[in-house]
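The primary structure of each chain is shown beneath.
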Amino acid sequence: MPNSEAAVILGELAKQEKVVLLSIRPEFSRLIFSGRKTIELRKRLPKFLGRFILVYESSPSKVLAGVLKVRRTRVASTKQISRLLSKARVSKVFFDRYYAGKDVGAYYEIEKAVYFERKIPLAALRKHNLCAPQDYRYLDRQLLNAILAG
């Protein structure tokens with residue numbers, strides 16, 4: 001049973017018309033859900049920017065792992081974003097490689113992260129004709145609720 005704060009977030013999530021499903025590497029996902037990583041870096045943002053993001057942990061995990069409540073989303077120069085390395089939990093070398101050739105990047109500031117007690121494997125997502133996102137994809141309310149219901 002999720003705690004009351006997690007239950008509130010999951011209840012809010014279920015009411016959303018559209019939610020972004022974001023692919024995140026497992027090592028970064030675990031840092032987010034532990035509370036140690038509060039900034040998620042991106043090269044670009046989706047057009048739709050909601051308050052919630054579903055987290056798909058990429059290979060080798062291949063699971064829908066949880067949900068993030070976003071405090072804010074920003075587009076900024078890579079120079080400005082580089083000041084957030086400690087919150088993003090990445091090295092300068094990783095940062096420079098990730099944003100190589102880019103003057104502008106983006107990031108999500110995470111307000112709250114809820115790790116699902118029961119992760120949803122890729123095989124279950126495929127039953128809803130959903131493939132793993134390379135970067136992100138959108139889920140509408142009907143599909144979201146069907147996935148969460150199992």
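Description of the structure in this document.

Rules behind the numbers
Residues numbered from 1 in each chain as written. Predicted model: local features only at pLDDT ≥ 70, side-chain atom pairs only at ≥ 80, totals over all residues. Heavy atoms only, no water. Polar contact = N/O pair within 3.5 Å; in protein donor to acceptor, adjacent residues only side chain to side chain. Helix = DSSP H or I, 4+ residues; strand = E, 2+ residues; numbered from the N terminus. Salt bridge = Lys/Arg side-chain N within 4 Å of Asp/Glu carboxyl O. Buried < 20%, exposed > 50% of the residue type's maximum accessible area, 1.4 Å probe, protein only. Contact = heavy atoms within 4.5 Å.

**What about helix 7 (residues 141-149)?**
The periodicity of an α-helix, 3.6 residues per turn, causes residues three or four positions apart to be oriented the same way. At the N-terminal boundary of helix 7, the capping side chain belongs to Asp140, with an oxygen 3.2 Å from the backbone nitrogen of Gln142. Remark: Gly150 follows helix 7 within two positions and exhibits a positive phi of approximately 90°.

**Here's the deal with unusual backbone geometry**
A cis amide bond, omega 10°, links Ser59 with the succeeding residue Pro60. Positive phi, close to 60°, is recorded for Asn129, a residue that is not glycine. By the secondary structure assignment, Asn129 is in the loop between helix 6 (122-126) and strand 6 (136-140).

**So, the pattern of salt bridges**
Once their charged atoms are close, side chains differing in charge can pair, the charge on each being opposite to the other. This model, assessed by the stated rule, comprises 13 salt bridges. Among the salt bridges present, the one from Glu109 reaches Arg71, with a minimum N-O distance of 3.3 Å. In this pair, Glu109 sits in strand 5 (residues 104-121) while Arg71 sits in strand 4 (residues 63-77), placing the two residues 38 residues apart along the sequence. Put simply, Arg72 and Glu109 hold a salt bridge, and the shortest N to O gap is 2.6 Å. Separated by 37 residues along the polypeptide, Arg72 in strand 4 and Glu109 in strand 5 bring together distant segments of the chain.

**A closer look at the side chain of Ser58**
With respect to the helices, strands and loops of the structure, Ser58 is situated in the loop between strand 3 (52-57) and strand 4. Residue Ser58 is classed as buried on the basis of its relative accessible area, which comes to 16%. The residues contacting Ser58, other than those within four sequence positions of it, are Ser23, Ile24, Arg25 and Pro26.

**Quick word on the side chain of Glu40**
By secondary structure assignment, the location of Glu40 is in strand 2 (residues 39-42). A relative accessible area of 5% places Glu40 in the buried class. One polar contact links Glu40 to Arg42, side chain to side chain, over a distance of 2.7 Å. Among all residues touching Glu40, those that are not within four sequence positions of it are Leu22, Ile24, Ile32, Ala106, Tyr107, Tyr108 and Ile110.

**Focus: the environment of Tyr98**
Summarising the element assignment, Tyr98 is placed in helix 5 (residues 92-98). With a relative accessible area of 23%, Tyr98 lands in the partly exposed category. As a C-alpha pair, Tyr98 and Lys37 span 61 residues in sequence and 17 Å in three-dimensional space. Contact partners of Tyr98, with chain neighbours within four places excluded, come to Leu41, Arg42 and Lys43. A polar contact is formed between the side chain of Tyr98 and the backbone nitrogen of Lys43, at a distance of 3.3 Å.

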